[in-house]
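Understanding the architecture of this molecule
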Amino acid sequence: MTRARRATSEVGLYHVFARGVGRCIIYEDDHDRELFLFYLERFLVKPGIKILAWCLMDNHYHLVLQGSMERISEGMKRLNSSYALAFNEEHDRNGHLFQGRFRSEAIDDEEYLLIVVRYVHQNPVRAGFCATCDYEWSSYRGYFSNPRLVDNGLMHELLGTEEAFRALHDEVDYTAECIDVDSPRGRRFLSAERALEVARAVLLDTRIEEVAGLDRARRNESLRALKEAGLSVRQIERITGVPKTVIANA
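Summarised in this report is the structure supplied together with it. Here the residue index of a chain counts from 1 through its sequence in written order. It should be noted that, the model being predicted, local features are given only for residues of pLDDT at least 70 and side-chain atom pairs only at 80 or more, the latter also being counted only at that level, while totals for whole chains, interfaces and linings use all residues. Side-chain metrics in this entry use all non-hydrogen atoms of the structure; hydrogen atoms and water are not considered.

Considering unusual backbone geometry
- In the Ramachandran plot, Asp92 falls in the positive-phi region, its phi being about 50° despite a non-glycine side chain.
- Of note, Asp92 is situated in the loop between α2 (69-90) and β4 (103-107).
- Even without being glycine, Leu204 reaches a positive phi, approximately 55°. Strands are runs of DSSP state E lasting at least 2 residues, helices are runs of H or I lasting at least 4, and numbering of each runs from the N terminus.

Listed below in structure tokens is the structure:
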């Protein structure tokens, strides 16, 4: 079977992730995590790929990368294969460690970049590992002091201050949807411009600004149609003015 061609970003930004086969643990201890970061630097950072965010969970990892997909693909293959060989040898294990190829999604605008970086850093919070994003095995701390592997220039340029970066991550918005290890392969984030185009097409004769004032049944029908068309709850809130809780329950 021919493999699907990976989506490419016009600005060279990607959200990349991989999970252990059968959801198995891919880091048994901190030694494994340090080894993974060693290979991450060797096969991605040194060849010139910028890492804007990273997070190591127990059975998967997330990266936000900047570079050409060709170079990223080569680096990711070498990272996963080298780490898997070392992990299997260290833990007297045989067979595949990762579930298929690494997965990726293109990031094409600043809005989604902020969402993805926050999402990556909030992974440990979602999983109950810690109460805040200040997690040892992610790049969050690298935005305040002693950056490890992370290139924080672009995010600082977009947000301006460390306080703005912290405020972004303190915002609890689990409705902001990103492709993840459990996401269907066909799911894609819609840019703000594309979301408006889709919304206008879906709503037909109903104008976007009219949705909030519709009677409950018609409003909820419109909201469900927008969600089914691929818009996130946050996007629907922004373009219609309807509160997130109402949208989520429609």
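Some words on the nonpolar core
- Buried residues of nine kinds, namely Ala, Val, Leu, Ile, Met, Phe, Trp, Tyr and Cys, make up a nonpolar core once their side-chain atoms join them within 4.5 Å. When a residue's accessible area, from a 1.4 Å probe over protein chains only, is under 20% of the maximum for its type it is buried; when over 50% it is exposed; and in between it is partly exposed. Tyr61, Leu63, Val64, Leu65, Met76 and Leu79 are the most contacted members of the largest nonpolar core, which has 54 residues in total.
- Those elements that place two or more of their residues in this core are β1 (13-19), α1 (30-45), β2 (50-56), β3 (60-66), α2, β4, α3 (110-126) and α5 (162-170).
- It is α2 that provides the largest number of residues to this core, a total of eight residues.
- Contacts: residue pairs with any heavy atoms within 4.5 Å of one another. Among all residues touching Val64, those that are not within four sequence positions of it are Tyr14, Lys50, Ile51, Leu52, Ala53, Ile107, Leu113, Val116, Val117 and Val120.
- In terms of nonpolar packing, the next biggest core, distinct from the first, is built from 14 residues, Ala199, Leu223, Leu226 and Ile247 among them.

Remarks on the packing of aromatic side chains
- To pair, rings of Phe, Tyr and Trp, with the six-membered ring standing in for Trp, must have centres within 6.5 Å; the planes then decide the type, stacked if under 30 degrees apart, edge-to-face if over 60, and tilted in the middle. For the structure on display, the rule yields 14 aromatic pairs.
- Seen in terms of ring centroids, Tyr39 and Phe43 are 5.8 Å apart; in terms of plane orientation they differ by 10°. Their pairing is stacked. With a gap of four residues between them, Tyr39 and Phe43 both fall in helix α1, about one helical turn apart.
- What makes Phe43 buried here is its relative accessible area of 7%.
- Note on Tyr61 and Phe98: the rings are 6.0 Å apart at their centroids and 90° apart in plane angle, and the pair reads as edge-to-face. With Tyr61 in strand β3 and Phe98 in the loop between α2 and β4, this residue pair connects regions lying 37 residues apart in the sequence.

Comments concerning the packing of helix α6 (residues 192-203) against helix α7 (residues 216-228)
- An axis is simply a line fitted to the C-alpha atoms; with a helix, the fit covers only the stretch in contact. Between two such axes, the angle follows the N-to-C directions and lies from 0 to 180 degrees. At a minimum axis separation of 10 Å, α6 and α7 run at an interaxial angle of 130°. Taken together, the axes of α6 and α7 lie oblique to each other. Classified by chirality, the crossing of α7 by α6 is right-handed. On the side of α6, the interface is formed by Ala199, Val202 and Leu203, while α7 contributes Ser222, Ala225 and Leu226.
- Considering only residue class, the contact of α6 with α7 consists of five nonpolar, one polar and no charged. Any angle that is under 35 degrees is reported as roughly parallel, and any over 145 degrees as roughly antiparallel; angles of 65 to 115 degrees are reported as roughly perpendicular and all others as oblique. The hand of a helix crossing depends on one turn: near helix anticlockwise from the far one by less than a right angle means left-handed, and clockwise means right-handed. Each residue receives one of three labels: charged for Asp, Glu, Lys and Arg, nonpolar for Ala, Val, Leu, Ile, Met, Phe, Trp, Tyr, Cys and Pro, and polar for the others, Gly being one of them.

Some details on helix α8 (residues 233-240)
- Looking only at α8, the buried set comprises Val233, Arg234, Gln235, Ile236 and Thr240.
- On its buried face, α8 is in contact with α3, α6, α7 and α9 (244-249).
- Gly241 sits one or two residues past α8 and shows a positive phi near 85°.

A closer look at the sheet that holds β3
- Read from one edge of the open sheet, four strands run β2-β3-β1-β4, paired in antiparallel fashion. The outermost strands of the open sheet, each flanked by one partner alone, are β2 and β4. Strand-to-strand twist in this sheet, taken as the mean axis angle between neighbours without regard to direction, amounts to 15°.
- At least two bridges found by DSSP between two strands is the condition for calling them paired. Bridge count for β1 against β3 is seven bridges, and the pairing is antiparallel. From the neighbouring strand, Phe17 faces β3, where its bridge partner is His62.
- In the packing of α1 onto the sheet, contacts are made with β2 and β3, and the angle to β2 comes to roughly 160°.
- Where α3 meets the sheet, its contacts fall on β1, β2, β3 and β4, and the angle it forms with β2 comes to roughly 30°.

A closer look at the pairing of β4
- Counted residue by residue, β4 has four buried out of five residues, so it is predominantly covered.
- Of the strand pairs in this sheet, β1 and β4 are connected by five bridges, and their pairing is antiparallel. If you follow Tyr14 over to β4, its bridge partner there is Ala106.

Re the pairing of β2
- Counting buried residues along β2, six of its seven residues qualify, which places the element largely inside the surrounding structure.
- Here β2 hands over to β3 after three residues, the two strands then running antiparallel side by side.

So, the pattern of salt bridges
- Just to be clear on terms, a salt bridge is a Lys or Arg side-chain nitrogen sitting within 4 Å of an Asp or Glu carboxyl oxygen. Overall, the coordinates contain eight salt bridges when judged by the stated rule.
- For Glu34, the salt bridge identified is with Arg148, shortest N-O distance 2.5 Å. Remark: Arg148 occurs in the loop between α3 and α4 (153-159) and Glu34 occurs in helix α1; sequence separation between them is 114 residues.
- The exposure class assigned to Arg148 is partly exposed, which follows from its relative accessible area of 37%.
- Of the charged contacts in the structure, one is a salt bridge between Arg207 and Glu210, with a shortest N-O distance of 3.3 Å.
- The network of salt bridges with common partners includes Asp30, Arg33 and Asp58.

Keep in mind that these numbers describe shape and distance, not what the molecule does.
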